[in-house]
Amino acid sequence: MQLNLYNSLTRKMELFTPIDPENKQVTFYSCGPTVYDYAHIGNFRAFLNADVLRRTLESIGYDVKQVMNITDVGHMTEDNLADGGGEDKMEVATVRLQEAKKSGTLPSDVDIDPGDPLAVAEFYAQAFIEDAKSLGIRVVDDAKIDASLLPRPTNYIPQMISMVQSLVDSNNAYVASDGVVYFDVESFPNYGELSGNTLDALRSGEGGRVSKETQAVKRNPADFMLWKPDATHVMRWPSPWGDGYPGWHLECSSMATELLGDVIDIHSGGEDNIFPHHECEIAQSCCASGCDSFANYWFHTRFLLVDGGKMSKSKGNFYTLRDLVEKGATPAAIRLELIRTHYRSNANFTMQGLKDSQRQVDRWRRLAQWLCEHGDVKIDGDGPLQNTVQNFKSAMCEDLNVAGAIGFLSEAVSNYAVDSVPESGCGCTTLRDEYNALLEMDSVLGVLNLCDTACTDSLDVSKIDCLIEERLSARENKDWSRADEIRDELLAIGIAIKDSSDGTTWTRIVQ
Ligand code: AMP
Ligand code: ZN
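Calculation rules
- Residues numbered from 1 in each chain as written.
- Chains lettered and ligands numbered in written order.
- Predicted model: local features only at pLDDT ≥ 70, side-chain atom pairs only at ≥ 80, totals over all residues.
- Heavy atoms only, no water.
- Donors = N, O, S within 2.8 Å, 3.2 Å for Na, K, Ca; no water.
- Helix = DSSP H or I, 4+ residues; strand = E, 2+ residues; numbered from the N terminus.
- Buried < 20%, exposed > 50% of the residue type's maximum accessible area, 1.4 Å probe, protein only.
- Near = heavy atom within 4 Å.
- Polar contact = N/O pair within 3.5 Å; in protein donor to acceptor, adjacent residues only side chain to side chain.
- Nonpolar A, V, L, I, M, F, W, Y, C, P; charged D, E, K, R; others polar.
- Domains from an automatic or database assignment.
- Phe/Tyr/Trp six-rings, centres within 6.5 Å; stacked < 30°, edge-to-face > 60°.
- Pairing = 2+ DSSP bridges.
- Axes fitted to C-alpha atoms, helices over the stretch in contact; angles between N-to-C directions.
- Salt bridge = Lys/Arg side-chain N within 4 Å of Asp/Glu carboxyl O.

Comments concerning the coordination of the zinc ion (ligand 2)
Around the zinc ion (ligand 2), the donor atoms from the protein are Cys 31 (SG), Cys 252 (SG) and His 277 (NE2), and they sit 2.1 to 2.2 Å away. Of note, the zinc ion (ligand 2) draws all its donor residues from one chain, in the sequence arrangement C-x220-C-x24-H. Taken together, the residues span a long stretch of sequence, with Cys 252 in helix H8 (residues 248-260) and His 277 in helix H9 (residues 274-289) at a distance of 25 residues. Note on accessibility: Cys 252 and His 277 belong to one class, buried.

Right under this line is the structure:
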């Protein structure tokens with residue numbers, strides 16, 4: 001099976017062909033979080049879609065080497081100007097945490113020196129890794145074996161300095177009168193190819209917002225910072241251009257080249273990364289390597305909206321994974337909710353949507369358990385799940401049509417009544433084969449096996465079933481107080497039950 005993937009560089013759907021088709025190797029660089037705070041669910045939408053792309057490639061036989069950076073320096077508050085203006089987000093975090101410490105509002109789990117930017121970065125990096133692991137993001141598991149797959153820019157300063165030097169040597173970069181090293185965008189004719197921003201448009205648009213002093217020293221307002229000498233910056237390193245720090249765009253170019261090679265197969269990020277971040281990465285990398293391409297396929301996830309608008313702390317609709325887990329949702333349901341809308345459309349996060357995903361995940365989990373329990377039972381023919389694998393994968397291979405793939409899966413799942421005892425058929429496959437087909441499809445969605453890996457997701461399904469049975473016999477014996485007690489016990493562990501003529505069913509409560 002082959003993957004059709006939309007390439008944001010060519011703005012076309014393309015048949016995915018890797019650089020090394022014979023060995024079925026894929027190199028994949030994903031822009032990761034800047035660790036100045038907990039990652040929010042919008043960030044995770046971008047990371048999860050990259051993970052679904054990776055899993056889809058793996059499901060059709062590719063071996064994917066994925067790198068995701070964890071930015072711990074140089075991402076400025078005004079990076080939208082491609083200029084390196086504003087303050088370093090890590091330094092802003094240290095000020096925020098130091099103030100919180102003074103006023104006694106530093107959260108008790110932040111057990112670090114709030115004035116030390118590297119300690120702050122490492123604290124939020126670990127929180128990110130924990131959350132990403134709960135959500136089944138595979139690159140985090142790979143990094144347990146090879147830590148370089150989650151690189152921190154502060155460990156690659158020598159490589160960045162040598163990339164800047166080579167760009168200065170090739171006249172693609174220059175030292176301006178303020179001592180800052182800038183990339184000369186006019187030296188790279190393809191600047192603007194990814195974002196569609198022409199230099200003329202940039203001159204009259206974004207460039208106009210750059211401070212007059214900075215404008216004056218740059219050859220072109222769109223020239224962007226590679227290295228900034230700054231003796232006051234808390235995080236600074238010696239360089240041929242003075243003690244200072246690297247530009248954010250440079251970091252990704254440098255780490256991608258160092259860890260994956262001059263030209264890579266796929267590069268991912270959120271839609272806001274297209275300009276200036278990825279546009280600048282392409283310019284630097286192509287000029288430094290002398291290659292025509294930096295990444296052959298560019299994959300961008302559109303923004304997650306919440307309740308139809310921007311997620312904002314003031315509106316009270318700003319969520320981290322931890323916030324939603326506290327409300328009773330499991331990481332598996334959160335994962336499903338964040339991947340189910342096509343990555344090239346805005347997704348609208350609502351609590352109702354999350355509740356629906358929770359119900360769906362719980363149903364799949366119960367089915368997985370039931371198929372396992374009755375694994376030896378023979379069925380007629382191949383069974384609905386086995387018959388669905390091809391359609392499921394074909395949908396995923398059409399530019400990651402997750403909703404279509406889930407549609408096929410749901411149809412197959414609806415053939416099973418998990419509260420009944422299965423009748424034995426006379427075919428040569430069993431319910432265990434059905435279970436394996438379910439797992440094969442889930443290897444792409446990545447929700448069923450999260451139960452074991454997520455520390456917060458410890459629902460004991462057999463305990464729930466036992467309590468429901470005990471409650472039924474209490475009711476049969478007219479022991480109403482015991483029956484009510486059990487209902488409350490279930491409520492206390494976040495489970496609501498519903499009685500009907502078909503029996504008792506349960507759902508997880510998401511507040
Ligand atoms: P940052 O930590 O700010 O560097 O962002 C990390 C990643 O999250 C980037 O790839 C952003 O494009 C992406 N991102 C930020 N906000 C959202 C959002 N609301 N929806 C989807 N992706 C987002
Ligand atoms: Zn990046």
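Section: the site of ligand 1
Near ligand 1 lie 16 residues; those nearest to it are Thr 34, Gly 42, Asp 272, Asn 273 and Leu 304. Thr 34 is positioned such that a nitrogen or oxygen atom in its side chain is 2.9 Å from an oxygen atom of ligand 1. Measuring from an oxygen atom of ligand 1, one finds a side-chain N or O atom of Asn 43 at 3.0 Å. Broken down by element, the shell around ligand 1 gets its largest block of residues, 4 residues, from helix H1 (residues 41-59). A class-by-class count of the residues in the shell around ligand 1 yields 5 nonpolar, 9 polar and 2 charged.

Focus on the domain arrangement of the chain
The domains assigned to the chain are domain 1 (4-301), domain 2 (305-453) and domain 3 (459-508). The C-alpha centroid of domain 3 is placed 51 Å from the C-alpha centroid of domain 1.

Some details on the packing of aromatic side chains
Taken as a whole, this structure holds 16 aromatic pairs when the rule is applied. With a centroid separation of 5.7 Å and 85° between ring planes, the pair formed by Phe 16 and Tyr 62 is classed as edge-to-face. Taken together, the positions of Phe 16 in the loop between strand S2 (12-15) and strand S3 (25-30) and Tyr 62 in the loop between H1 and strand S4 (63-68) put the pair 46 residues apart, joining distant regions of the chain. Comparing Phe 16 with Tyr 62 shows no difference in burial state: the two are buried.

A word on the sheet that holds S3
Taken in spatial order, the 4 strands make up an open sheet running S4-S3-S9-S10, and their pairing is parallel. At either end of the open sheet lies a strand with only one pairing partner, and these are S4 and strand S10 (295-301). Averaged over all neighbouring strand pairs, the angle between strand axes comes to 20°, with direction disregarded. Where S3 meets S4, 6 bridges bridge the pair, whose relative direction is parallel.

Some points on the pattern of salt bridges
Inspection of every chain in the model, using the stated rule, returns 23 salt bridges. As a salt-bridge pair, Glu 58 and Arg 138 come within 2.5 Å of each other at their nearest N and O atoms. Here Arg 138 lies in helix H4 (residues 138-145) and Glu 58 lies in helix H1, a separation of 80 residues in the sequence. Linking Glu 440 and Lys 393 is a salt bridge whose minimum nitrogen-to-oxygen distance equals 3.0 Å. One end of the pair, Glu 440, is in helix H15 (residues 431-445); the other, Lys 393, is in helix H13 (residues 389-396), with 47 residues separating them in the sequence. You can call Glu 440 partly exposed: its relative accessible area is 35%. Each of Arg 54, Glu 58, Arg 138 and Asp 142 takes part in salt bridges that share partners, so that together they form one network.

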